[in-house]
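Below, each chain spelled out in residue letters.
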Amino acid sequence: MLTIITDSTSDLTPAEAESLGVTVVPLTVSIDGKEYRDGIDLTSEEFFTQLDSCTEIPTTSQAPAGVFMEVFKKILDRDPEAEILGIFISQHLSGTFQSASIARNTFPRRSIRLIDSGSASFGLSLLIREAVEMRDAGVPAAQIEEKLNRLKQRLVVYVALETLKYL
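So, how was this worked out
Residues numbered from 1 in each chain as written. Predicted model: local features only at pLDDT ≥ 70, side-chain atom pairs only at ≥ 80, totals over all residues. Heavy atoms only, no water. Helix = DSSP H or I, 4+ residues; strand = E, 2+ residues; numbered from the N terminus. Buried < 20%, exposed > 50% of the residue type's maximum accessible area, 1.4 Å probe, protein only. Contact = heavy atoms within 4.5 Å. Areas by Shrake-Rupley, 256 points an atom, 1.4 Å probe, with all protein chains shown as cover. Lys, Arg positive; Asp, Glu negative; His and termini not counted. Charge placed at Lys NZ, Arg CZ, Asp CG, Glu CD. Expected span 1.5 Å × (residues − 1). Arc of directions from axis to C-beta. Pairing = 2+ DSSP bridges. Axes fitted to C-alpha atoms, helices over the stretch in contact; angles between N-to-C directions.

A. Quick look at the overall build of the chain. The helix and strand inventory of the chain stands at six helices and seven strands. Listing each helix as α and each strand as β along the chain from the N terminus yields β-α-β-β-β-α-β-α-β-α-β-α-α. Counting the 167 residues in the chain, one finds 41% classified as buried. Taking all contacts inside the chain whose residues are at least 6 apart in sequence as the whole, residues at least 24 apart take part in 69%. Surface summary for the chain: the accessible area is close to 9900 Å², and the carbon and sulfur share equals 52%. Here the chain contributes 16 positively and 24 negatively charged side chains, and the mean placements of these two sets differ by 8 Å.

This is the structure we're talking about:
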């Protein structure tokens, strides 16, 4: 069975992730010295509410390799024959892909495929939804990986900002 994992920059809500059968690994958001697990301890709505009143610009940090090791182990303990496909935020924006790669190396005999989406947010979410559709249609993990690596080359996301204040 193929398990798809991603990080919280995909902006999948917990309900969406559950309905898609996707495991989401949270990044850490730091606001005025307090740390939150993105999407778990802090929703998008709560983030933007706090953003208006915080004294310092919030920062994020990647999920550590140890968190990915735990996620991989949990999946593999449940099904030793499981295949894992991870689709993550661009490594030009975060070290999350590197953390997942380090964790993958602790399971050298397991089928764990990782994809740097080259994107984040909506772009990442689109690739995840394509992977889910293919997984549900019975497409093998290697073919899904191959197709996503082609699709990400054509993916373009445009953003319109209300303010440049937080850039």
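B. Fine view of helix H6 (residues 141-154). Between its first and last C-alpha atoms H6 spans 20 Å; for 14 residues at 1.5 Å apiece the expected length is 20 Å, and the two agree. For H6, every residue scored as buried is listed here: Ala141, Ile144, Glu145, Leu148 and Leu151. Taken end-on, H6 shows its buried residues confined to a sector of 130 degrees, consistent with a single buried face. Summarising the geometry of H6, the exposed residues directed more than 90 degrees from the buried face are Glu146, Gln153 and Arg154. Check the buried side of H6 and you find it contacts strand E1 (2-7), strand E6 (83-88), strand E7 (112-116) and helix H5 (121-136).

C. Representation of the sheet that holds strand E3 (residues 28-31) in the model. Reading across from one edge, E4-E3-E5 is the order of the three strands in this open sheet, with antiparallel pairing throughout. Only two strands of the sheet have a single neighbouring strand rather than two, namely strand E4 (34-37) and strand E5 (59-61). Direction aside, neighbouring strands of the sheet carry axes that sit 30 degrees apart on average. Relative to E5, E3 runs antiparallel, the two being bridged by three bridges. Bridge assignment links Thr28 to a residue of E5, and that residue is Ser61.

In short, geometric facts, not functional conclusions.
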